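Listed below, chain by chain, are the residues.
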Amino acid sequence: MTVLFAAAYAYNGPKTLQLVAREWGVETAAAPGAEVDPGLLQFSKLAPGTRLANREGGSVRPDAKSYFRKGISSSVVYDDEFGDTIPKDSEANAPLPTEDAYANFVKAVVGSIYLHAGREAAKSFVKAHILSRYLDISRLFQFKEPVRELSRLCAREGFEYPVARILSETGRLSRHPVFVVGIFSGPDKLGEGQGPSLQEARTRACVMALKSCIAGS
C-alpha cells in the first residue's frame, strides 16, 4: 500500500497538479484589483512574520491521541488517498500554500468536465493530461530483505522454492569481478542480477524477481 500511496501522490499530488496547471498557462495574481484578469488565481500575501494557525486543526481519526497505532491498515480506512491524515474542517479562508491553489484549480476543471460532459469525458481528460505522464513504478519499491520476501511470495503463490544459479562470471580472481546470477523457480527464471560478489548479484536478482512478479500480477 505504501507504493500505491506514493504512486497516487506522484500522479495527482499537489506538487504534480501545480506543474500541470503551470503547463496550462495558469498564473497567479497577488493583491488583485480592477485591472487583474478574473481568470487568474487571485490571492493575498501575508505580511512577513505572520504566525499561521495549525493547518490540520486536529484529525478525524478516532485514535488521534495515540498515533502509535497508525499503520498501513488504519491509513487505508481513515486517511486520504495519499495515506495522509485527514484534517478536521477548517475555515474556508484559512491560508494555504500556492501549490494547493493550483491543485484545487486542476481538480475544479476536472470536476466541471464531469459535471457538464459526463464521466467518460472526465476520464479521457484525466488520462490525457495526468495519467499519460511517465512514472517508473519499479523505482518506488524498496525491499529490506529481498531473499526472504521472495521465498515468502513463492510459498504464498504455490511456486517452487527459488534457487539462485550462476549464469556467468568474469574476473573472479581480479580486483573487479562481475557475477551474473539468476533466480529460478523450477524451470522458470524469475529474475536476473549482476554484482561484484555472489551475494550482491543474488540480492539484485531477487529484487528484480520481486518487481517482475508484483508488476506482472
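Structure first, text after, so check above.
The structure reproduced in this document is the subject of the present report.

Definitions and limits used
- Residues numbered from 1 in each chain as written.
- Predicted model: local features only at pLDDT ≥ 70, side-chain atom pairs only at ≥ 80, totals over all residues.
- Heavy atoms only, no water.
- Helix = DSSP H or I, 4+ residues; strand = E, 2+ residues; numbered from the N terminus.
- Buried < 20%, exposed > 50% of the residue type's maximum accessible area, 1.4 Å probe, protein only.
- Contact = heavy atoms within 4.5 Å.
- Core = buried A, V, L, I, M, F, W, Y, C linked by side-chain atoms within 4.5 Å.
- Axes fitted to C-alpha atoms, helices over the stretch in contact; angles between N-to-C directions.
- Parallel < 35°, antiparallel > 145°, perpendicular 65-115°, else oblique.
- Left-handed = near helix turned anticlockwise from the far one by under 90°.
- Nonpolar A, V, L, I, M, F, W, Y, C, P; charged D, E, K, R; others polar.
- Expected span 1.5 Å × (residues − 1).
- Arc of directions from axis to C-beta.
- Pairing = 2+ DSSP bridges.
- Phe/Tyr/Trp six-rings, centres within 6.5 Å; stacked < 30°, edge-to-face > 60°.
- Lys NZ or Arg CZ within 6 Å of the ring centre and 35° of its normal.

1. Considerations on the overall build of the chain
When helices and strands are counted, the chain shows seven helices and five strands. What you see in the chain, going N to C, is helices and strands ordered as α-α-β-β-α-α-α-α-β-β-β-α. Per-residue burial for the chain yields a buried fraction of 28% across its 217 residues. Considering only contacts in the chain between residues 6 or more positions apart, those separated by 24 or more positions represent 46%.

2. With respect to the nonpolar core
Among the nonpolar cores identified, the biggest contains twelve residues, and these are F141, F143, L150, L153, C154, I183, L190, A205, C206, V207, A209 and L210. Looking at this core, the elements with two or more residues in it are α6 (146-157) and α7 (198-216). In terms of residue count, α7 provides more of this core than any other element does, five residues in total. With residues near it in sequence (within four places) discarded, F143 still touches E149, V207, L210, K211 and I214. Of all hydrophobic cores here, the second largest spans eight residues; its members include L17, V20, Y102 and V106.

3. Notes on the packing of helix α4 (residues 98-117) against helix α5 (residues 119-131)
Put simply, α4 and α5 touch, their axes get as near as 7 Å, and they point 150° apart. The orientation of α4 relative to α5 falls into the category roughly antiparallel. In terms of crossing hand, the pair formed by α4 and α5 is right-handed. Along the contact surface, α4 presents V106, V109, V110, I113, Y114 and A117, while α5 presents R119, A121, A122, F125, V126 and I130. Of the residues belonging to the contact of α4 with α5, the class tally is eleven nonpolar, no polar and one charged.

4. Focus on α6
In an α-helix, one turn spans 3.6 residues, which is why side chains three or four residues apart end up on the same side. Taking 1.5 Å per residue, twelve residues should reach 16 Å; α6 reaches 16 Å between its end C-alpha atoms and fits that length. Within the sequence span of α6, burial applies to P146, L150, S151, L153 and C154. The buried side chains of α6 occupy one side of the element, clustering within an arc of 160° when seen end-on. Structural note: α6 exposes R152, A155 and R156 on the side pointing more than 90 degrees away from its buried face.

5. Section: the sheet that holds strand β4 (residues 178-185)
Strand order in this open sheet of three strands is β3-β4-β5, and the pairing throughout is antiparallel. Looking along the sheet, the strands with just one partner apiece sit at the ends: β3 (163-170) and β5 (188-195). Adjacent strand axes in the sheet meet at a mean angle of 20° when their direction is disregarded. Relative to β4, β3 runs antiparallel, the two sharing seven bridges. Its bridge partner being in β4, I166 is matched across the sheet by V181.

6. Some details on the packing of aromatic side chains
The relative placement of two aromatic rings is captured by the distance of their centres and the angle of their planes. Tallying each qualifying case throughout the model produces one aromatic pair. Of note, R165 hangs over the ring of F184, and the distance from its end group to the ring centre comes to 4.7 Å.

7. A few points about the environment of D136
Within the secondary structure, D136 is located in the loop between α5 and α6. Overall, D136 belongs to the partly exposed group, its relative accessible area being 27%. In this structure, the C-alpha to C-alpha distance between D136 and A7, residues 129 residues apart in sequence, is 9.2 Å.

Any functional reading would require information that these geometric values do not contain.
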